[in-house]
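Each chain is listed here by its residues.
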Protein chains: 2
Amino acid sequence: MVSRIGKEIELSPVEMASRYSSRALYNLAAGSPDPSTIPVGEIMNSYDRVLSDLGPRALGYPGAGGQESLVKEIENFLPFLGLSIRKGERLVVTSGAQHAIELIAKYLLENEVVVAENPTFVETLTPMKLRSSVVLPVSLDERGMSVDELESLTRTVKVSIVYIIPNCHNPAGVTTCLERRKRLAELAEERNFYILEDDPYRPISTGVPPPVKSFDNNGRVIYVSTFSKILAPGLRIGFILANQEVAEKLALLEQNDFSTSTINQYVVADLLKRGVIQGRTEQLSSHYGRKMKILVESLRENRLDDFNPPSCGFFLLLNLHKDADSVFHTALTKGLLFVPAGPFFLRGGETYARLSVAVAQEEHIVKGVRVLKEVLSQD
Amino acid sequence: MVSRIGKEIELSPVEMASRYSSRALYNLAAGSPDPSTIPVGEIMNSYDRVLSDLGPRALGYPGAGGQESLVKEIENFLPFLGLSIRKGERLVVTSGAQHAIELIAKYLLENEVVVAENPTFVETLTPMKLRSSVVLPVSLDERGMSVDELESLTRTVKVSIVYIIPNCHNPAGVTTCLERRKRLAELAEERNFYILEDDPYRPISTGVPPPVKSFDNNGRVIYVSTFSKILAPGLRIGFILANQEVAEKLALLEQNDFSTSTINQYVVADLLKRGVIQGRTEQLSSHYGRKMKILVESLRENRLDDFNPPSCGFFLLLNLHKDADSVFHTALTKGLLFVPAGPFFLRGGETYARLSVAVAQEEHIVKGVRVLKEVLSQD
């Protein structure tokens, strides 16, 4: 007496790696924002302000769909992401992007066909995988998702959702180019599928192309964003922008979990209103850019060069040309933690490592790469 | 291309009523704790303490299953609820009780048979209803769930989950007696079903019998609790106590939503550690008891006496002997808001109203009942 979801759920490789984090000298595994960048003081002041101003109102039940004041602030924030609410669209506040994707999968999927980039982020794919008949891979290269390959696929298969991480891909680090975004939005109309655009890294990146959602004329793109990277993941606040029909149902589905903290919604609304969140992009983009540059240079210096250079975000996907799981275990004994990337792939991938610059300090990135080189040079 | 859950989800009558709350002079609808009882100052100090002490650590990703420090504090809190962790059991922190029930339904149900009290709380039933083949009602009387009726039922039907709200029932106000609790726990073993014991009101009640879970020798009871009533619903922190196998899977399922705010977990842990939460029961129990006494007396004075007198909690279920929906609309024009209780029933119930003393002030309870009498006396 267990559901299919109950039977098939597994420990994610990211959670698995995080259990080893206390043993890591060089943590190139974590996908959390750098603790040094989290504006603890601003957040503390905001809790004080919200509780002083609203009192018990900030601590009541959240209601489904999101607090009105936060919805309004996110509406004002959308242009900052290259978006706006068009006629027939609506916002839904969620407990972060992961919760958003769980809601979307729950609403749309019941043994349909899902398409995802190969590789893709295993944790966000899981809610879709557990509710679909099959997840079909399309290739990812240095210019992002291969939309040509997707087009071929849709000639023979009726696809329900195409899942894309357009910017600073997790785990591959790449960004889908402008031309492919436009073509993808067209294809969704032609072939009548939904695009689930998962865009957590845009707020900490500069110079990425406009969202696929901005080319969507027919409500086929469901856009997911989060304040986890630009502000703090521990608040668990994200949102969905979707056509009215979908958005209203997703808001109703929130009655089944009511999981989005009321006070945290007010805190994010307060920090948006004061421009604190919007003001962080440049700083964060250069902070992570600097660390990524060090990672790329260290890898090249050590002749570990089978990767696409990431344009932004936290992650780089390195082909180790050896079994990543066994490298992982040896590396761990020398203090290096990374995520073996096999589970991110729908096919292949056993020799890949996801390296992250998110939490590691600059000298630890350099040292971590040396350890990796050392481990790979053994036997 | 919409799932069964997507197709069947509806606006809950509680959410519906809450949309009218700004028009209510006498709010006998809300199930939120009385704002005057929420310890805003204590919570504000706790956010300050947690952020000062832990800094960015309080704002990272939550991980699945719950923060270690909160799990430890809840373990210490269990005896306060008449419980303890036995061998082979485990706690899982959730985003409140509603999220807990969504996780449990997701894990266990795929077209199985669910049994619930008639009436039961519609919002918590929904996650089960949307994933079961059928929900079968068993009667509820002044001593709670009719376990005899359940026993008869299980002779002919293979039941997967029996859902019970043992204390201060929502919407019926009654408490299941000791004898029936013991028999229910035995029956779960004999007939091999799970009991989902949803117990949000115990922390604000005195003198209720021990949990069904305390009579569970074989891991058949999944116990759900929350800090929403005793502390504040806006934090969205609750928990599940279940056998190891179930609890571990529920924790894994949290990877699919990661919805439980990290900092709010630390705040609840901090307030548990300081005894702030434990110290509130007496005061809250008498606060709501006093208001319930006024409601009961007002109803009797107005000869509205077809109800079971509630022993604790927020709710009283009144038979209006008229269609509750049309009474609802007329009452609203006179400033009275209640919840028509039809949707809480699996069969019948069209003439019932759920009256709540949660947020209403004492004089508003009296006036609200007068309005109700007036509306019922018309035509």
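Residues numbered from 1 in each chain as written. Chains lettered and ligands numbered in written order. Predicted model: local features only at pLDDT ≥ 70, side-chain atom pairs only at ≥ 80, totals over all residues. Heavy atoms only, no water.

Looking at an unreviewed UniProt entry, one finds chain A named GntR family transcriptional regulator, with Sulfodiicoccus acidiphilus as its source organism. Under the heading Cofactor (unreviewed entry), UniProt records this for chain A: "pyridoxal 5'-phosphate". (UniProt positions renumbered as here; feature names shortened; annotations may be inferred.)

Asks: Is there a simple way to think about the overall build of chain A in this case?
Replies: If you tally the helices and strands in chain A, you get 13 helices and 13 strands. A compact globule built from 379 residues should have a C-alpha radius of gyration of about 21 Å, and chain A, at 20 Å, falls within 12% of that. Taken along its principal axes, the extent of the C-alpha atoms in chain A is 60 × 55 × 50 Å. Expressed as a percentage of its 379 residues, the buried residues of chain A come to 65%. On chain A, roughly 13,300 Å² of surface is accessible, and the fraction owed to carbon and sulfur atoms is 46%. If the 42 positive side-chain charges of chain A are averaged to one point and the 46 negative ones to another, these points end up 1 Å apart. (Helix = DSSP H or I, 4+ residues; strand = E, 2+ residues; numbered from the N terminus. Rg over C-alpha atoms; globule rule 2.2 N^0.38 Å. Buried < 20%, exposed > 50% of the residue type's maximum accessible area, 1.4 Å probe, protein only. Areas by Shrake-Rupley, 256 points an atom, 1.4 Å probe, with all protein chains shown as cover. Lys, Arg positive; Asp, Glu negative; His and termini not counted. Charge placed at Lys NZ, Arg CZ, Asp CG, Glu CD.)

Asks: Can you walk me through the sheet that holds strand S10 (residues 315–319) of chain A in this structure?
Replies: Strand pairing in a sheet is mediated by backbone hydrogen bonds. Such pairs are either parallel or antiparallel. Residues and elements named next belong to chain A. Taken in spatial order, the 3 strands of this open sheet run S10-S13-S12, and their pairing is antiparallel. Each edge of the open sheet carries a strand with a single partner, namely S10 and strand S12 (339–340). Sheet topology note: the S12/strand S13 (residues 352–356) ladder contains 2 bridges and is antiparallel. In the strand pairing of S13, proline 340 is matched with alanine 353. Sheet contacts for helix H11 (residues 281–301): S10 and S13; angle to S10, the most-contacted strand, approximately 15°. (Pairing = 2+ DSSP bridges. Contact = heavy atoms within 4.5 Å. Axes fitted to C-alpha atoms, helices over the stretch in contact; angles between N-to-C directions.)

Asks: How should I be thinking about the packing of helix H5 (residues 96–108) of chain B against helix H9 (residues 244–253) of chain B in this particular structure?
Replies: Residues and elements named next belong to chain B. H9 packs onto H5 with a crossing angle of 110° between their chain directions and a minimal axis gap of 10 Å. What the angle tells us is that H5 and H9 run roughly perpendicular. Every residue of H9 that contacts H5 at Leu103, Ile104, Lys106 and Tyr107 is listed here: Glu245, Val246, Lys249, Leu250 and Leu253. The residue inventory of the contact of H5 with H9, partitioned by class, reads 6 nonpolar, no polar and 3 charged. (Parallel < 35°, antiparallel > 145°, perpendicular 65-115°, else oblique. Nonpolar A, V, L, I, M, F, W, Y, C, P; charged D, E, K, R; others polar.)

Asks: Looking at this structure, I do not really get the relation of the copies chain B and chain A. What am I missing?
Replies: The operation relating the pair of chain copies consists of a rotation about an axis and a translation along that axis. Superposing chain B onto chain A takes a rotation of 180° plus a shift of 0.0 Å along the axis, which leaves an RMSD of 0.0 Å. Overall, the copies show the geometry of a two-fold rotation axis. Considering only C-alpha atoms, the part of chain B nearest the rotation axis is serine 259 of chain B, at 3.1 Å. (Least-squares fit on C-alpha atoms with pLDDT ≥ 70 in both.)

Asks: Would you mind showing me how to read the packing of aromatic side chains here?
Replies: The geometry of two aromatic rings is summed up by the distance between their centres and the angle between their planes. A complete count under the given rule lists 23 aromatic pairs over all chains for this structure. Look at phenylalanine 77 of chain B and phenylalanine 80 of chain B: their rings are 5.0 Å apart centre to centre, the planes differ by 25°, and that puts the pair in the stacked class. Between phenylalanine 345 of chain B and tyrosine 352 of chain B, the aromatic rings sit 5.1 Å apart at their centres with planes inclined by 35°, giving tilted as the arrangement. An aromatic cluster is built from Phe77, Phe80, Phe227 and Phe239 of chain A, whose rings are joined through pairwise contacts. Taking the ring centre of tyrosine 194 of chain A as reference, the NZ or CZ of arginine 220 of chain A above it sits at 4.4 Å. (Phe/Tyr/Trp six-rings, centres within 6.5 Å; stacked < 30°, edge-to-face > 60°. Lys NZ or Arg CZ within 6 Å of the ring centre and 35° of its normal.)

Asks: Which parts of the structure should I look at to understand the pairing of strand S2 (residues 89–94) of chain A?
Replies: Along any regular strand the residues' side chains alternate between the sheet's two faces. All names here are of chain A. Burial analysis of S2 places 5 of its 6 residues in the buried class, which makes it a mostly covered element. Across 6 bridges, S2 lies against strand S9 (residues 238–243) in antiparallel orientation. Within the sheet, the bridge partner assigned to leucine 91 lies in S9 and is leucine 241.

Asks: Got a minute to help me understand the interface of chain B and chain A in this structure?
Replies: A common way to report how large an interface is uses the accessible area buried once the components associate. Contact with chain B, which involves 69 residues of that partner, is made by 69 residues of chain A. Summed over both partners, the interface of chain B with chain A buries about 5,600 Å², with 61% contributed by carbon and sulfur atoms. Ranking the residues of chain B by area buried against chain A places Met1, Tyr61 and Asn256 of chain B at the top, with a combined share of 14%. For the pair chain B and chain A, the number of links is 2 salt bridges. Between glutamate 102 of chain A and lysine 106 of chain B there is a salt bridge; the shortest N-O distance is 2.4 Å. For the pair chain B and chain A, the interface holds 36 residue pairs in polar contact (both at pLDDT 80 or more). Elements supplying a minimum of two residues to the side of chain B that touches chain A: helix H1 (4–8), helix H3 (40–54), H5, helix H6 (122–129), H9 and helix H10 (262–273) of chain B. In terms of residue count, H3 of chain B provides more of the side of chain B that touches chain A than any other element does, 7 residues in total. Of the residues belonging to the side of chain B that touches chain A, the class tally is 31 nonpolar, 23 polar and 15 charged. (Buried area = accessible area lost by both parts, 1.4 Å probe. Salt bridge = Lys/Arg side-chain N within 4 Å of Asp/Glu carboxyl O. Polar contact = N/O pair within 3.5 Å; in protein donor to acceptor, adjacent residues only side chain to side chain.)

Asks: Can you help me understand the sheet that holds strand S13 (residues 352–356) of chain B in this one?
Replies: Residue and element names in this part refer to chain B. The 3 strands are arranged S10-S13-S12 in an open sheet whose pairing can be described as antiparallel. Looking at which strands have only one partner, the edges of the open sheet turn out to be strand S10 (315–319) and strand S12 (339–340). Here S10 pairs with S13 via 5 bridges, running antiparallel. Within S13, the position partnered with asparagine 319 by the bridge is tyrosine 352. Relative to the sheet, helix H11 (residues 281–301) contacts S10 and S13, its axis offset from that of S10 by approximately 15°.

Asks: Honestly, helix H4 (residues 68–77) of chain A in this entry has me stumped. Any pointers?
Replies: A turn of α-helix holds 3.6 residues, and therefore any two residues three or four places apart point the same way. Residues and elements named next belong to chain A. All buried positions along H4 are accounted for by Leu70, Val71, Glu73, Ile74 and Phe77. Each buried residue of H4 lies within a common arc of 165° when the element is viewed along its axis, so the set occupies one face. Among the exposed residues of H4, those oriented more than 90 degrees off its buried face are Glu68 and Asn76. On its buried face, H4 sits against S2, S9 and helix H10 (262–273). (Arc of directions from axis to C-beta.)

Asks: Would you take a moment to explain the pairing of S9 of chain A for this structure?
Replies: All names here are of chain A. Counting buried positions over the 6 residues of S9 gives 6, a clear majority of the element. Pairing geometry for strand S8 (residues 221–226) and S9, over 4 bridges, is antiparallel. Across the sheet, residue valine 224 finds its bridge partner in S9, namely isoleucine 240.

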